[in-house]
Amino acid sequence: LATLPERKAIAETRFRAAQYRAAETVLAAAAETRRQYYRAIAANQAVTFLQQSLATAEVASTLATQLGETGALNKLEQAREHAFQSEVVAQLAQARIQAKIERERLIRQLGLWGRDIDFKLPSNLPPLPNGLQSAQSLEARALERRTDLQMSRLELAALAREFGLTNATRLVNALDLGATVNRERTITLDTGPGGEPEVNREVTRKRGFSVELEIPIYDFGESSVRGARESYLASANRLAERAVNARSEVREAYLRYRGQYDLARHYQGSVLPLRQTIQEQSQLQYSGMLADVTALILDARARILSNLQAIQARRDFWVAAVDLKAATIGGMSAGRGNSGGESAAGAAPAGGAD
């Protein structure tokens, strides 16, 4: 009965830590589901694009056969057209397999079965946003909001109460970002007795932002067991390690987020329009008998590859956006170090013409 209040307080603290642990698990599952959602859409978009490319290749192959019957196209050029059409068929088959695999992975993430698996996905990935999140104070928000750090703080507090540590002798700042810069100091000098200057008022103003994570250090006393001290300090160091890793994960996630956005924008604004222009001009020259079928096939292959890479770049951006959110609020455990994986959108078409 005498120790019941203290044991109750310890149990309440550990229960709150368990709540944060459960929240971290839920956030990790939700983040991985969002990643898989974008991968499944990208795989379907790749299938749609290859279906359109196959229709064009089939028309060209049929035309090559007809021209060959009239003697206007030799067997070598006919074979090139037929080979290109066969290559697109193989790529489409591979893309369809990958799309089904990505869909099944999404079904498992959602935990669906029976009739619920007959859901429909959007045909295209969402368009790129007009602007990006700001990198300012991302690390500070992560230290303040991440569920794994909140859980570690509560576990450390429960351990302190369990060992009977109630009065902290000092606070150790495990992190010091060093971004509090541009200090301004205002000092007013008055003339004291004898004409000597003296300080009347001193005001210090700070601009910028700082990141801190304070860990209380207790006086264990000579009567405390050494194991209790070592256990507490080990937990304190684990908390500091998680905080350092959290800052690094936020920086890494933002670098990927920013880089994938620039890459997807480059494909959308530069590469794809140029490939479309090249394809149109090659078709005109081929129709006017100014270019042979080899150049037309090479340009078509390059356009297919560029479009598939553009789909992959947009997919990777949205996956990176999920990673950035997870690095800020929690849920990084399922997707740490994962930038999208392989998919049909990243499959390269076969090599050039013979």
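Each value, and the rule that gives it
- Positions within a chain are numbered from 1, following the residues in the order the chain's sequence is written.
- pLDDT decides what is reported in this predicted model: residues at 70 or higher carry local features, side-chain atom pairs at 80 or more are listed and counted, and totals for whole chains, interfaces and linings draw on all residues regardless.
- No hydrogens and no water enter the side-chain calculation; it runs on all heavy atoms of the structure.
- Strands are runs of DSSP state E lasting at least two residues, helices are runs of H or I lasting at least four, and both sets are numbered from the N terminus onward.
- Only protein chains enter the accessibility calculation, which uses a 1.4 Å probe. A residue is then buried if its area is under 20% of the maximum for its type, exposed if over 50%, and partly exposed in between.
- Reported accessibility uses the Shrake-Rupley method at a 1.4 Å probe radius. Residues are deemed covered only where the shown protein chains occlude them.
- Here the expected length of a helix is defined as 1.5 Å per residue gap, with one fewer gap than residues.
- Contacts are assigned to residue pairs with any non-hydrogen atoms lying within 4.5 Å of each other.
- The term nonpolar core refers to a set of buried residues drawn from Ala, Val, Leu, Ile, Met, Phe, Trp, Tyr and Cys, joined through side-chain atoms within 4.5 Å.
- Just to be clear on terms, a salt bridge is a Lys or Arg side-chain nitrogen sitting within 4 Å of an Asp or Glu carboxyl oxygen.
- To pair, rings of Phe, Tyr and Trp, with the six-membered ring standing in for Trp, must have centres within 6.5 Å; the planes then decide the type, stacked if under 30 degrees apart, edge-to-face if over 60, and tilted in the middle.
- Here the arc refers to the directions that run from the helix axis out to each C-beta atom.
- Per residue, pLDDT measures the predictor's confidence, with a range of 0 to 100.

A word on the overall build of the protein
Phase 1: Assigned secondary structure in the protein consists of six helices and four strands.
Phase 2: The order of helices and strands in the protein, counted from the N terminus, is α-α-α-α-β-β-β-β-α-α.
Phase 3: Taking all 354 residues of the protein together, 37% fall into the buried category.
Phase 4: By element, 51% of the accessible surface of the protein is carried by carbon and sulfur atoms, the whole surface being about 20,400 Å².

A short note on helix α2 (residues 75-110)
Phase 1: Along its 36 residues, α2 runs 52 Å from first to last C-alpha, staying within 8% of the 52 Å computed at 1.5 Å per residue.
Phase 2: Phi turns positive, to about 70°, at glycine 111, one or two residues after α2.

Here we look at the side chain of glutamine 78
Phase 1: Among the secondary structure elements, glutamine 78 is positioned in helix α2.
Phase 2: Not counting the four nearest positions on each side in its chain, glutamine 78 is found in contact with Ala64, Thr65, Gly68 and Leu73.

Quick notes on the nonpolar core
Phase 1: One finds Leu50, Phe84, Tyr257 and Ile304 to be the most contacted residues of the largest nonpolar core, which totals 50 residues.
Phase 2: Sorting the residues of this core by element identifies α1 (4-70), α2, α3 (138-145), α5 (226-287) and α6 (293-329) as the ones contributing at least two each.
Phase 3: Residues in contact with leucine 50, not counting those within four places in the same chain, are Val88, Gln91, Leu92, Ala95, Ile304 and Leu308.
Phase 4: Within the second largest apolar cluster, ten residues are counted, among which are Leu149, Leu159, Ala243 and Ala246.

A short note on the pattern of salt bridges
Phase 1: Considering all chains together, one arrives at twelve salt bridges under this definition.
Phase 2: Between arginine 256 and glutamate 252 there is a salt bridge, with the nearest N and O atoms lying 3.1 Å from each other. Remark: glutamate 252 and arginine 256 occur in helix α5; sequence separation between them is four residues, near one turn of the helix.
Phase 3: A relative accessible area of 22% means that arginine 256 is categorised as partly exposed.
Phase 4: Aspartate 262 is the partner of arginine 258 in a salt bridge, and the nearest nitrogen-oxygen pair spans 3.4 Å. Separated by four residues within a single helix, arginine 258 and aspartate 262 lie in helix α5, roughly one turn from each other.
Phase 5: Its relative accessible area of 37% is what places arginine 258 among the partly exposed residues.
Phase 6: Among the ionic contacts, a cluster of salt bridges with common partners joins Glu32, Arg35, Arg39, Glu252, Arg256 and Asp323.

Quick look at the packing of aromatic side chains
Phase 1: For the structure shown, the criterion picks out six aromatic pairs.
Phase 2: Relative to tryptophan 318, the ring of tyrosine 38 lies with its centre 5.7 Å away and its plane at 25°, an arrangement referred to as stacked. Of this pair, tyrosine 38 sits in helix α1 while tryptophan 318 sits in helix α6, placing them 280 residues apart in sequence. The pair tyrosine 38 / tryptophan 318 is uniform in exposure class, with both members buried.
Phase 3: Measuring from centroid to centroid gives 5.9 Å for tyrosine 254 and tyrosine 257, while their planes differ by 45°, and the two rings are tilted.

Here we look at α3
Phase 1: Among all positions in α3, only Leu138, Glu139, Ala142 and Leu143 are buried. When α3 is viewed along its axis, its buried side chains cluster within an angular range of 135° and face the same direction.

Quick word on the environment of glutamate 77
Phase 1: On the secondary structure map, glutamate 77 appears in helix α2.
Phase 2: Overall, the relative accessible area of 17% leaves glutamate 77 in the buried class.
Phase 3: For the pair glutamate 77 and alanine 64, spaced 13 residues apart in the sequence, the C-alpha separation amounts to 7.8 Å.

Quick word on the confidence of the model for the protein
Phase 1: Within the protein, residue pLDDT values average 76, and 71% of them lie at 70 or more.
Phase 2: At the low end of the mean pLDDT range in the protein sits strand β2 (residues 180-191), at 43; at the high end sits α2, at 90.
Phase 3: Under a pLDDT of 50 for its full length, residues 176-191 has, in the predicted model, 42 contacts with residues more than four places off or in other chains.

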